[in-house]
Structure formats: structure tokens, C-alpha cells
Amino acid sequence: MKPKRLLPIQRLLGKIDNDFNISESDWIPRVAAWTIDALAQLKVLPMDKKKRTLEVKDRIAQFPCMLNCTDLKVCDSNGCEIPLAGNSSCCSNSSDNKNERSYVLDCDQIHLNFDTDEIIVESYEVLTYYDEQYDCDVPYIYDNGLLLEALAWYVMFKYLSRGSKHPVYSLTARDPYTNPAARWESLKYKAAASVRKDISVDKGWRNFFYNATFMPRG
């Protein structure tokens, strides 16, 4: 079920098709990746806190996606937290301290200094859903008009950057209203601020937003 006030990527596709009337369709498969790039730049990717049980082989656990190292919690199978190597602030019981159990991160791998069959990892991940058209997981988008407008211009900018042509819009146009790159630059910070403002007053949205510098850990 789609979370309230979060939009599927089809909403953005519909807006782009309606606003720009692009004659070809080869841009559509690329929109998901472009959207993730744009949302990441704006730091408004909807996030969700997830807990996973990972199998450990040869003291290495493989994470299925890139780790959000800013707010990561690693526990053993009994739920006892395992500290990051060199980080004495993590809580662990006396037995753990005696054995000096810890982990280190290497991209999307967790390396342990002790033997175990599994660990429990809790972190924030990009909130996605499976889209049949793309046949993969794609991100949700905050239901914010200014954000949708900015994303549409970003997609148009990326579309033209591949050498495609449009009868109205161009990356060399002096008029900023017909230059998608200029429109994206003028809207992106306003869009990010607008989303953050919505989130600050909407408790429901806060459940799907994580930014260590914007909202403290709850």
C-alpha cells in the first residue's frame, strides 16, 4: 500500500508527458534513475527505518544495498549491540567488552572480528516500491507541487543532455524559461526548502524522512 502523501513515480511521468509532449519514449526507462539522482541532490529521498537479519560467512555480512553509515545499528542474534571498531560510545554488555567484539564497514559489507552465523542490522534505507513498468524497485516522491515541477525540469535537462532535441526547449536557450538546466537550477533549492517545510509540520511525513543535519534522531 502506498504511504499517504507520497507519490509513485507514475505521477511524475504523467506530468512530464503532459507538460513537455516529448515525441519519443526512450526517456521513460531512465526517469527512475534520474529521479533518484535529483532527490539525492536535494536530500529529500523518502527514507524508512528497516531491520534486516543478515547471514554471516567468514565473518563478513553482505548488505543488499549501500549502507547509510550515519545512523547504523548492528546487533548480534540476541539483540546485543556490536560497537563499531574504535567507537567506545556504543553500549554493550560486560561479556561483549571482555571479548572486544566489534565490526568495520567496507562499502556494502560488514566485517566482524568474531565468529557468528548472523547479525541484525537496523538502518535508514530509501523507501521504494516495485513498479511493473520498470520491473524493479523505484523511489516514492513527496507529494509537493514545487518538487514535482523541479523534478520534471531535471528530467528534461537530462533528456536533452543525451543529445535529444525538442521544438521548444534547449540547453543553449538564453531565455531561462525555455532552458531546462536553468529552470532546474532556479527551482531545486526552493523545492528542497518547500519539502522540508512540509515535513516539519506534517508528522506523517517525518516517518519517511531522514537527514542527520536537519532532523535529530528520535
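For the structure itself, consult the block above.
Bear in mind the structure is a predicted one, so any value in this text is a computation, not a measurement.

Conventions and cut-offs
- All residue numbers refer to position in the chain's written sequence, counted from 1.
- Only residues with pLDDT of 70 or above have their local features reported here, since the model is predicted, and side-chain atom pairs are shown and tallied only from 80 upward, although totals for entire chains, interfaces and linings are computed over all residues.
- Here the side-chain values reflect all heavy atoms present in the structure, with hydrogen atoms and water set aside.
- Strands were regarded as paired on the criterion that DSSP finds at least two bridges between them.
- The helix and strand labels rest on DSSP assignments: H or I over at least four residues marks a helix, E over at least two residues marks a strand, and numbering proceeds from the N terminus.
- Convention adopted: a line fitted to C-alpha atoms gives each axis, helices being fitted over their contacting stretch, and angles between N-to-C directions are expressed from 0 to 180 degrees.
- Burial classes: relative accessible area under 20% of the type maximum marks a residue as buried, over 50% as exposed, and values in between as partly exposed (1.4 Å probe, protein chains only).
- In this analysis, the expected span of each helix is defined as 1.5 Å times one less than the number of residues it contains.
- To be clear, the arc concerns the directions from the helix axis to the C-beta atoms.
- Here a residue-residue contact requires only that any non-hydrogen atoms of the pair lie within 4.5 Å.
- Only rings of Phe, Tyr and Trp enter the pairing, Trp through its six-membered ring, and a pair is recorded when the two centres are within 6.5 Å. The plane angle decides the type: under 30 degrees is stacked, over 60 is edge-to-face, the rest tilted.
- Definition used in this section: a nonpolar core is a set of buried Ala, Val, Leu, Ile, Met, Phe, Trp, Tyr and Cys residues joined via side-chain atoms within 4.5 Å.
- Here roughly perpendicular refers to angles of 65 to 115 degrees, roughly parallel to angles under 35, roughly antiparallel to angles over 145, and oblique to all remaining angles.
- Crossings are classed by handedness, with left-handed meaning an anticlockwise turn of the near helix from the far one by less than a right angle and right-handed meaning a clockwise turn.
- Any residue outside Ala, Val, Leu, Ile, Met, Phe, Trp, Tyr, Cys, Pro, Asp, Glu, Lys and Arg is labelled polar, Gly included; the first ten of those are nonpolar and the last four are charged.

Novice: I'm lost on the sheet that holds strand β5 (residues 103–106) in this one. Help?
Specialist: Sheet strands line up and pair through hydrogen bonds in the backbone, either parallel or antiparallel. An order of β4-β7-β2-β3-β6-β5 is seen for the six strands of this open sheet, with the pairing classed as antiparallel. Only two strands of the sheet have a single neighbouring strand rather than two, namely β4 (73–75) and β5. Going from strand to strand, the sheet's axes swing by 25° on average, the running direction of each strand aside. Relative to strand β7 (residues 118–126), β4 runs antiparallel, the two sharing three bridges. Following the sheet pairing, Val-74 is matched in β7 by Val-121.

Novice: Explain the pairing of strand β8 (residues 128–131) to me, please; I cannot follow it from the model alone.
Specialist: Here is the key point about a regular strand: its side chains alternate between the two faces of the sheet. Of the two faces of β8, only the one carrying Tyr-129 and Asp-131 is buried; Thr-128 and Tyr-130 on the other face are not. The antiparallel hairpin formed by β8 and strand β9 (residues 136–139) contains four residues in its connecting segment, where Asp-135 sits at a positive phi of about 55°.

Novice: Would you mind going over helix α2 (residues 31–42) with me for this structure?
Specialist: One turn of an α-helix holds 3.6 residues; hence residues three or four places apart share an orientation. For α2, spanning twelve residues, the distance from its first C-alpha to its last is 16 Å, which sits close to the expected 16 Å at 1.5 Å a residue. Those residues of α2 that sit buried are Val-31, Ala-32, Trp-34, Thr-35, Ala-38, Leu-39 and Leu-42. Mapping the buried residues of α2 onto a view down its axis gives an arc of 160°, with all of them on the same face. Where α2 is buried, its residues meet α1 (9–20), β9, β10 (141–142), α4 (145–161) and α5 (180–201).

Novice: Would you explain the packing of aromatic side chains in this entry?
Specialist: Aromatic ring pairs are reported here in terms of the distance separating the ring centres and the angle at which the planes meet. Under the counting rule described, the total for this entry stands at six aromatic pairs. With a centroid separation of 5.2 Å and an interplanar angle of 90°, the aromatic rings of Phe-20 and Tyr-169 are classed as edge-to-face. Note that Phe-20 is positioned in helix α1 and Tyr-169 in the loop between α4 and α5, a separation of 149 residues in sequence. The exposure class assigned to Phe-20 is buried, which follows from its relative accessible area of 4%. For Tyr-169, a relative accessible area of 15% gives the class buried. With a centroid separation of 6.0 Å and an interplanar angle of 70°, the aromatic rings of Tyr-154 and Phe-157 are classed as edge-to-face.

Novice: How do you make sense of the nonpolar core when you look at a structure like this?
Specialist: Soluble globular proteins: nonpolar side chains tend toward being buried together. Ranked by size, the top nonpolar core spans 44 residues in total, and within it Trp-27 and Leu-147 carry the most contacts. Those elements giving two or more residues to this core turn out to be β1 (6–7), α1, α2, β10, α4 and α5. At eleven residues, α4 tops the list of elements feeding residues into this core. Among all residues touching Leu-147, those that are not within four sequence positions of it are Leu-39, Leu-42, Val-44, Ile-141, Tyr-142, Ala-191 and Val-195. Ranked by size, the runner-up nonpolar core spans 13 residues in total, among them Leu-54, Val-74, Tyr-103 and Phe-114.

Novice: Would you explain the packing of α2 against α5 in this entry?
Specialist: Angle between the axes and distance between the axes are the two parameters that describe a pair of packed helices. Two elements in contact, α2 and α5, have axes separated by 10 Å at closest approach and are oriented at 70°. By the angle between their axes, α2 is roughly perpendicular relative to α5. Crossing of α2 over α5 shows right-handed handedness. Residues Ala-38, Gln-41 and Leu-42 of α2 form the contact with α5, whose participating residues are Trp-184, Lys-188, Ala-192 and Arg-196. Here the contact of α2 with α5 is composed, by residue class, of four nonpolar, one polar and two charged.

Novice: So what exactly am I meant to see when it comes to the pairing of strand β2 (residues 47–57) here?
Specialist: As paired strands, β2 and β7 are joined by nine bridges and run antiparallel to one another. The residue of β7 that forms the bridge with Lys-49 is Tyr-124. Note: β2 against strand β3 (residues 60–62), two bridges, orientation antiparallel. Each bridged residue has a counterpart across the sheet, and for Val-56 the counterpart in β3 is Ala-61. Following β2, the chain reverses through two residues before pairing antiparallel with β3; Asp-58 in that reversal takes a positive phi of roughly 55°.

None of the figures reported here should be taken as evidence of function without further support.
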